[in-house]
Amino acid sequence: MTGAPAFRAGRIYLGWQYALAHPDPGPPPRRPVPTEQEQLSPGWLAAQRREERLLTRYWKMLAGASLAAIALVLALGAAGLLNLALTVAGAAVFAVLAGLAVRAIWRGDRDLRAHVAAETRRVAAARAAQQGQLFGRLEEHARRFRDWQSCQQLFTRQPLWYPVSLPDGIDRVDVAGGTLAGWSALLTMTGAARLAAGGEVTVIDLSEGAVARDLVALAGRLGIRPLVWVLPGDLPRLDLGVGMPAGPLADVLAVSASAGPPAEGAADPARDHAIVERVIGALGEGAGIANVTAGLRALAQVGDPRDDIEAGLLTAAQLERVTGLFGRGSADRVVIERAWALEARLRALDRLGSAPGPLPRSALRVIALDRGGTTFGNTMLGTYVTVSLTHLLRQAPPGRPWRHTLCLAGADKLRGEVLDRLCDACESTRTGLVLAYRSIPAPVRERIGRGNAAVAFMRLGNAEDARLASEQIGTEHRFVLSQLTDTVGASVTDTSGWSYTSTVGTAGSVSASASTSQTTGQSRGRGHTSADAAPFGARTGSGSREHSASTGTSDSESITEGINTSTSWGWSTSTAIGANESLARTAQRSREFLVEPHQLQQLPPSAVIVSYASAGGRQVVLADANPAILVLPTVSALSLDEARQAAAAGPGASSAGEPPAEAAHPGKAGSWQAPAVVPADGDDGRPAVGDQDRPEDGDEERPAGGDEDRPAGPRAPVSWRSKKGRPPPNLGPPPEPLDWRTHDTE
């Protein structure tokens, strides 16, 4: 599977922890706006020239007047009005005045050009300084944008969901509280992880709510054919406890008969065990439960024993031995009453194993109680199944821890000593045990979290239970509830019915037909012949008559009945792209809360607070047991602590902490796979929603082995503001909702 981690064989997964390691960097840094550049002002230049004209206008007038006077003197000298000396002297004087004026005008023009040139050089220097400052600001903006882009890539590509797994040494998980939908999610999460890792799972569902139905459906998609017994309907095909020796059978039946809450004045289980054991001894080897109940009826003098003899449940010799077990003294009445009570309780097991059939071996086995059964009958059946399985576990050799996982839903319906024996048997054989309690009464309060056990608290509707749970967890803990957990949890509440379909039942059909036929007919004939024409000649005659009747009738009838139920877990996301190229996305953070009783009463159905002991001390984690989170693109294969350690150790350690490629991508039957996705350009394997990764204009096709040709080391940031027209990572149209109960994951 691409973009989704695989389950590790030695881990027990209870859900997913939401954590935001890299905060949102916010909008990108704004590009610096260039200031208005310095330039030579035309107004200033015109003013300078105007001032220069004002300053030299007198010199220009003097130069003009001098030139006019020179012309006049020369004209008068030519006319003879002035002599030669006066003409030369006058022309020389006016020429000197004109030269002085021209020299003043030239110096003023030179000073103006020098002033303008100096101003031009100043403006050029100021413009160069401004451009240098602008380039520095642009470089600073480019550096900040690259940093922002790196942070944005870390933020968009970072894992948001980390698996919550238990450390080694945990033998049991006690689940306190929860709804049927929450139990379904938790069992599916834990059971599917064990099945995908090659383990075996046995579920005993005493909740009458079919909480393992989704696990059964998911196991079918993993290529596993589960075995499901729905009691009491499948009692004839259930062989659990059939063929058990006399001593263990008496123990199992005596404990099963004492099912239910202990009442005042209840009989001693040891005395019940003695009665049942003696009845089994009187019946001999090979006696089944139906034979035992028949012997108890004979001992209690209930009904006519000849009926049991005719049914083959007892023989005359067995009847004689059973009736002679006890005397007729004062204790006889006590024995009769206890035998009567035992028969009344155990006769519900008469059909157990009466019609066994060959069943294939399966990694998932589910024994569930049907809500159509009686209250007391279901309680007794649940106790019998639990005690019988405990006996089998006590005979089994120790195996690998959690190789076989036993999930018991509705454990609060069993008595404390039954649970204690089951826990001891699972601990001695290293069988993983998950006990789910709907409430926390006093017997449960004494046993929850005892030993090497982790405690998982789900929604607790009862105020007293919520108070006890908050005291055990500790009110100083502060948790952040994910928006996905809150939204999906609200959407699955009371949206589905619960039912099982037995996989070990036999299909049967009944047909009836009737036909009648009747035919009716009638015929009559007569004839005669004469030998000659004489009146008294020879004559012969003949006659015949026939009658028949028939009637036909046919009738046929067929009945077909089907019941369909469905549930779905989903998720929803929303994204937006602003017109100014600013990106926005909905925050996964929903709300923050402290461990208070009223908060525990308002937890989403799939939310679970896990508390367990580790090497670093007591750990308390808020997790989401929704198994559909596995197919999200932001799921990590490492736990949160492992991811932090790998990040602190460096990139090499991070890659070393990941599971191997063949473990992360099993690609074989029985592996929980997510739908394949196509990685986007510049991505590191996580799917980019809405990016189809097809070649566009100017792009070259990527080779099939492009991942092997990529250089090692950190990748340069990729700008999504390009001419390719592709949306930024993790944006675009939202994917289809995560309906993992109906979509095929192969």
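Residues numbered from 1 in each chain as written. Predicted model: local features only at pLDDT ≥ 70, side-chain atom pairs only at ≥ 80, totals over all residues. Heavy atoms only, no water.

(A) Summary view of the environment of Arg-11. In this fold, Arg-11 is placed in the segment before strand S1 (12-18). A relative accessible area of 19% places Arg-11 in the buried class. When near neighbours in sequence (up to four residues on either side) are disregarded, Arg-11 contacts Ser-165, Arg-194 and Glu-642. (Helix = DSSP H or I, 4+ residues; strand = E, 2+ residues; numbered from the N terminus. Buried < 20%, exposed > 50% of the residue type's maximum accessible area, 1.4 Å probe, protein only. Contact = heavy atoms within 4.5 Å.)

(B) The arrangement of the environment of Val-279 in detail. Within the secondary structure, Val-279 sits in helix H6 (residues 269-283). With relative accessibility at 0%, the residue Val-279 sits in the buried group. In sequence terms Val-279 and Asn-291 are twelve residues apart; their C-alpha atoms lie 9.4 Å from each other.

(C) Highlighting the packing of helix H5 (residues 246-257) against H6. The N-to-C vectors of H5 and H6 enclose an angle of 135°; their axes lie 8 Å apart at closest approach. Looking at the two axes, H5 sits oblique to H6. Helix-helix and strand crossings are classified by hand; for H5 and H6 the assignment is right-handed. The residues of H6 that touch H5, namely those facing Ala-246, Gly-247, Leu-249, Ala-250, Asp-251, Leu-253 and Ala-254, are Pro-269, Asp-272, His-273, Val-276, Glu-277 and Ile-280. (Axes fitted to C-alpha atoms, helices over the stretch in contact; angles between N-to-C directions. Parallel < 35°, antiparallel > 145°, perpendicular 65-115°, else oblique. Left-handed = near helix turned anticlockwise from the far one by under 90°.)

(D) Representation of a nonpolar patch on the surface within the structure. Residues Trp-59, Leu-62, Val-93, Val-96, Leu-97 and Leu-100 make up a contiguous nonpolar surface patch of roughly 490 Å² in combined accessible area. Secondary-structure elements contributing two or more residues to the nonpolar patch are helix H1 (42-79) and helix H2 (84-157). The element contributing the most residues to the nonpolar patch is H2, with four residues. (Patch = residues over 30% accessible without salt bridge, like charges linked within 9 Å, V, L, I, M, F, W, Y side chains within 5 Å. Areas by Shrake-Rupley, 256 points an atom, 1.4 Å probe, with all protein chains shown as cover. Salt bridge = Lys/Arg side-chain N within 4 Å of Asp/Glu carboxyl O.)

(E) Summary view of the pattern of salt bridges. Under the definition given, this model contains 20 salt bridges. With a shortest N-O distance of 3.1 Å, Glu-343 and Arg-297 are connected by a salt bridge. A residue pair is termed long-range when its members are at least 10 positions apart, and Glu-343 in helix H10 (residues 331-346) and Arg-297 in helix H7 (residues 289-300) qualify at 46 residues. Where Asp-304 meets Arg-306, a salt bridge forms, and the shortest distance between an N and an O atom there is 2.9 Å. The class of Asp-304 is partly exposed, set by a relative accessible area of 31%. If you follow the salt bridges from partner to partner, you end up with Glu-38, Glu-119 and Arg-122 in one network.

(F) Quick peek at the packing of aromatic side chains. As enumerated under the stated definition, the model contains two aromatic pairs in all. For the cation-ring pair, Arg-438 lies above Trp-183, with the distance from its terminal atom to the ring centre recorded as 5.5 Å. (Phe/Tyr/Trp six-rings, centres within 6.5 Å; stacked < 30°, edge-to-face > 60°. Lys NZ or Arg CZ within 6 Å of the ring centre and 35° of its normal.)

(G) Fine view of the packing of helix H3 (residues 180-196) against helix H4 (residues 213-221). Where H3 meets H4, the closest approach of the two axes is 8 Å, and the angle between their N-to-C directions is 30°. One way to sum up the angle between H3 and H4 is to call them roughly parallel. Between H3 and H4 the crossing geometry is right-handed. On H4, the residues that touch Ser-184, Leu-187, Thr-188, Gly-191, Ala-192 and Leu-195 of H3 are Asp-214, Leu-215, Leu-218 and Ala-219. A per-class count over the contact of H3 with H4 returns six nonpolar, three polar and one charged. (Nonpolar A, V, L, I, M, F, W, Y, C, P; charged D, E, K, R; others polar.)

(H) Local environment of H7. Helix length check: H7, at twelve residues, gives a terminal C-alpha distance of 16 Å against a target of 16 Å (1.5 Å per residue), a fit within 8%. With respect to burial, H7 is a largely interior element, twelve of its twelve residues being buried. Once H7 ends, the next one or two residues include Gln-301, with phi positive near 60°. (Expected span 1.5 Å × (residues − 1).)

(I) Representation of the nonpolar core. With 82 residues, the main nonpolar core has Leu-231, Leu-253, Leu-408 and Ile-609 as its most contacted residues. Listed in part, the 44 residues of the second largest apolar core include Val-175, Val-211, Val-230 and Val-621. (Core = buried A, V, L, I, M, F, W, Y, C linked by side-chain atoms within 4.5 Å.)

(J) Just unusual backbone geometry, in detail. Going from Leu-231 to Pro-232, the amide bond is cis rather than trans, its omega being 10°. If you trace the backbone, Pro-232 turns up in the loop between strand S5 (227-231) and H5. The phi dihedral of Arg-430 falls on the positive side, at around 60°, and the residue is not glycine. Mapped onto the elements, Arg-430 comes out in the loop between helix H12 (416-429) and strand S8 (432-437).

(K) Highlighting a positive patch on the surface. Together, Arg-49, Arg-50, Arg-53 and Lys-60 make up a region of like positive charge exposed at the surface. Topologically, Lys-60 is positioned in helix H1. Using a relative accessible area of 41% as the deciding quantity, one classes Lys-60 as partly exposed. (Lys, Arg positive; Asp, Glu negative; His and termini not counted. Charge placed at Lys NZ, Arg CZ, Asp CG, Glu CD.)

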